[in-house]
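Chain by chain, the residues:
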Amino acid sequence: MGEKRNALTEQPHGDRYAKLASNTVLFAISSFSSKLLSLLIQPFISHALKETSVVGVAKLASQCANLLIPFVSLGMSNAIIRFGLDKHNDKKQVFTNGLLTIFLGYFLLLLAWPLLGMIPTVSDYIVYLYIYVLTSCLRTLCTQFVRSRQLNRLIAIDGILCTFTTLLFYVLYMIVFPMGAAGYLLAIICGDAVSAIFLFTVAGLWRYLDFARLNKRLWVDMLRFSLPMIPAQISFWIINASDLFFVKYMCNPYGGLTGDDWSGLLSTGYYLPTILNTVGLIFYDAWQLSAVTEESEREAFFSRIFRLYSGLMFCCSAGIIWLCRPAMHIFRYNFYEAWRFVPFLTMAATFTCFNQFFNSIYVVYKRSTSALYTMMAGAIANCILDYLFILWWGPVGATAASFLGLFLVFVLRAINTRGLLVVNFKPGRLAINLGLLLAESAVMLAEVPYYGIYTTIITAAIIFYNWRSVWSMGRIILPKLLGRRGRSFVRLVDKATARGRKKA
């Protein structure tokens, strides 16, 4: 028993853990500001746009643009960082190939203008959507390439700059010039454009443009890796965004509200789960670099990190579900009922983060087709369950469908990746955590008497059960984040924990 305890609580001192911690902190600085904006801006949007139907239209329009992005980029964002990290590849050729791919994809998108103009939601905002897609693709290209050069401090600065400018554009286009849903799209466009120009200039990316020496073989290899990412990204979009469209058309009307009203409430329900997605994206940005560059003892490294990471995510999930009702009071009064969407969306966000972790194995071994098959299976299941669950339970059924679709992806990837790299993800421990989250969600949604007491007890149980993993992660991150104070705090908690064990 003592050996097991030491194995779980020992502090890793290897360079790989220090590097992962440093990158996580840098990406946290970059992402925290932008994701903090997304958290703060949602209540602001509810007050600026006022009506749930207008918010629903704005979100649907942005999701239409997000669906087009994989087609334009041809999934190249993943290839940029994977091939850019390979030391034997010429970075000029990697960046140039990525830019040419986007230009080619955008040209094909321009040819589809008349066809896209026939789609109701798209036709009203088609100019904004086209610009949105271009600026988003260019910003992603620049950020992924800068990451491949491991200029992580520059990424952190860019994140802060993008957050600040986007916030100003939100105020300009939604308050000073109240443009409604168009203003929402235009603010995102301008924020992405400023970020792309900043990175292109400061990182000197023009020096990596070399149209005279195109490496066609490398381009083919990058496309072979990235093209399967298109249906994979679309499948991911289906799981995460199709709920809005199902709800819009299947719940029009439902419970005295229109389909646009329900899609507006559903999009607001994503507010709290965005916290989990933020934590997951921060970690994944840092983890990608470590997963690709750290080659020794990969199985032990991946297994340990997943154990620590999953414990932290389950604790965050429990806290979000616990707080979902009081947190909705910061929105305009007619958005409060969005809390009903939060529990299952939170669990869906948790397994999105786990799926990203297992996707890193596909990235390491360049098996993008496996990422495609697993995500497509989840997307198909999600669409079928969306239809059935909305018929049975109304709009809230869409969130249960998303959770089950993403859970299916997790199961498939956990099995499929064992042929590449065996991650010991402790299935028994994971099942206990998931069971507790499901119980907390059931108590919350059923609104049983004194539900607050029961959800508090369940949340405390999840935190207690995962405390060792959470604190192990804290011991890695805090010294990097707070320096001397972080190390002092770690020593203080370790001493208190040791005293508690002796008394026990």
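Residues numbered from 1 in each chain as written. Predicted model: local features only at pLDDT ≥ 70, side-chain atom pairs only at ≥ 80, totals over all residues. Heavy atoms only, no water.

**Q** Hey, could you go over the overall build of the protein for me, with residue numbers and the actual values?
**A** The helix and strand inventory of the protein stands at 21 helices and zero strands. Classification of the 504 residues of the protein by burial places 56% in the buried group. Of the accessible surface of the protein, which amounts to about 21,800 Å², a share of 67% is contributed by carbon and sulfur atoms. (Helix = DSSP H or I, 4+ residues; strand = E, 2+ residues; numbered from the N terminus. Buried < 20%, exposed > 50% of the residue type's maximum accessible area, 1.4 Å probe, protein only. Areas by Shrake-Rupley, 256 points an atom, 1.4 Å probe, with all protein chains shown as cover.)

**Q** Which residues make up the environment of Ala203, and what are the values?
**A** Counting through the fold element by element, Ala203 comes out in the loop between helix H10 (181–202) and helix H11 (216–226). A sequence separation of 58 residues divides Ala203 from Phe145, and the C-alpha atoms of the two residues are 9.9 Å apart. Among all residues touching Ala203, those that are not within four sequence positions of it are Val146, Arg149, Leu154 and Phe198. (Contact = heavy atoms within 4.5 Å.)

**Q** Before we move on, can you summarise the nonpolar core with the specific residues and values?
**A** Phe306, Met328, Phe354, Phe357, Phe358 and Val423 are the most contacted members of the largest nonpolar core, which totals 132 residues. Each residue touching Phe357, except ones within four places of it in the same chain, is listed here: Phe283, Trp287, Phe302, Ile305, Phe306, Tyr309 and Val423. (Core = buried A, V, L, I, M, F, W, Y, C linked by side-chain atoms within 4.5 Å.)

**Q** Please provide a residue-by-residue account of unusual backbone geometry, values included.
**A** Cis geometry marks the peptide bond from Asn252 to Pro253, where omega comes out at 0°. With respect to the helices, strands and loops of the structure, Pro253 is situated in the loop between helix H12 (229–250) and helix H13 (259–269). In this structure, Leu74 takes a positive phi of about 55° despite not being glycine. Topologically, Leu74 is positioned in the loop between helix H3 (52–73) and helix H4 (76–85). When its relative accessible area of 16% is taken as the criterion, Leu74 is described as buried. Located in the positive-phi region is Tyr450, a residue other than glycine, with phi close to 60°. Looking at where Tyr450 falls in the secondary structure, it is placed in the loop between helix H19 (427–446) and helix H20 (451–482).

**Q** Would you mind going over the packing of H12 against helix H18 (residues 397–416) in detail, with residue names and values included?
**A** At a closest axis distance of 10 Å, the pairing of H12 and H18 adopts a crossing angle of 155°. Judged on the interaxial angle alone, H18 and H12 are roughly antiparallel. By crossing handedness, the relation of H12 to H18 is classed as right-handed. For the pair H12 and H18, the contacting residues are Ile239, Asp243 and Val247 in the first and Ala398, Ser402, Leu406 and Val409 in the second. (Axes fitted to C-alpha atoms, helices over the stretch in contact; angles between N-to-C directions. Parallel < 35°, antiparallel > 145°, perpendicular 65-115°, else oblique. Left-handed = near helix turned anticlockwise from the far one by under 90°.)

**Q** Give a detailed account of the environment of Ser195, specifying residues and quantitative values.
**A** Residue placement: Ser195 occurs in helix H10. Assessed through its relative accessible area of 0%, Ser195 is described here as buried. Distance in space between the C-alpha atoms of Ser195 and Gly159 is 8.1 Å, their sequence separation being 36 residues.

**Q** I'd like a rundown of helix H16 (residues 342–364), residues and numbers included.
**A** Taking 1.5 Å of rise per residue, the 23 residues of H16 would be expected to cover 33 Å, and the 33 Å separating its terminal C-alpha atoms lies within 8% of that figure. The buried fraction of H16 amounts to 23 of the 23 residues, a majority that puts the element mostly inside the structure. Where H16 ends, the next residue or the one after it, Lys366, has phi of about 55°, a positive value. (Expected span 1.5 Å × (residues − 1).)

**Q** Could you give an account of the side chain of Lys248, with specific residues and numbers?
**A** Summarising the element assignment, Lys248 is placed in helix H12. One polar contact links Lys248 to Asp260, side chain to side chain, over a distance of 2.5 Å. Beyond its immediate chain neighbours, meaning those up to four positions away, Lys248 contacts Leu60, Gly259, Asp260 and Ser263. (Polar contact = N/O pair within 3.5 Å; in protein donor to acceptor, adjacent residues only side chain to side chain.)

**Q** Describe in detail the side chain of Thr96, supporting the description with residues and values.
**A** Note on placement: Thr96 falls in helix H5 (residues 91–111). Among the polar contacts listed, one links the side chain of Thr96 to the backbone nitrogen of Asp210, at a separation of 2.9 Å. Residue contacts for Thr96: discarding those within four places in its chain leaves Tyr208, Leu209, Asp210, Phe211 and Leu214.

**Q** So what's going on with the pattern of salt bridges? Residues and values would help.
**A** The final tally for this structure, using the stated rule, is seven salt bridges. Each of Arg325, Glu337, Arg340 and Glu447 takes part in a single network of salt bridges with overlapping partners. (Salt bridge = Lys/Arg side-chain N within 4 Å of Asp/Glu carboxyl O.)

**Q** I'd love a proper account of a nonpolar patch on the surface, names of residues and values included.
**A** Together, Leu167, Val171, Ile175, Val176, Phe177 and Met179 make up a nonpolar patch on the protein surface, roughly 500 Å² of accessible area in all. Relative to the helices and strands, Phe177 resides in the loop between helix H9 (152–176) and H10. According to the relative accessible area criterion, Phe177 is partly exposed, its value standing at 47%. (Patch = residues over 30% accessible without salt bridge, like charges linked within 9 Å, V, L, I, M, F, W, Y side chains within 5 Å.)

**Q** I'd love a proper account of the confidence of the model for the protein, names of residues and values included.
**A** Considering every residue of the protein, the mean pLDDT works out to 82; 84% of them sit at 70 or more. Confidence scores differ between elements of the protein, with helix H1 (residues 2–9) showing the lowest mean pLDDT of 38 and H19 the highest of 94. Note on residues 1–14: pLDDT is under 50 here. Beyond four places in sequence and across chains, it has 18 contacts. (pLDDT = per-residue confidence, 0-100.)

**Q** Please provide a residue-by-residue account of the packing of H16 against H18, values included.
**A** Packing of H16 against H18 brings their axes to within 8 Å, and their N-to-C directions diverge by 25°. By the angle between their directions, the pair H16 and H18 is classed as roughly parallel. Note on packing geometry: the crossing formed by H16 with H18 is left-handed. Each of Phe344, Leu345, Met347, Ala348, Phe351, Thr352, Phe354, Asn355, Phe358, Asn359 and Tyr362 in H16 lies in contact with H18, whose residues at this interface are Thr399, Ala400, Ser402, Phe403, Leu406, Phe407, Val409, Phe410, Arg413, Ala414 and Asn416. Considered class by class, the residues forming the contact of H16 with H18 number 15 nonpolar, six polar and one charged. (Nonpolar A, V, L, I, M, F, W, Y, C, P; charged D, E, K, R; others polar.)

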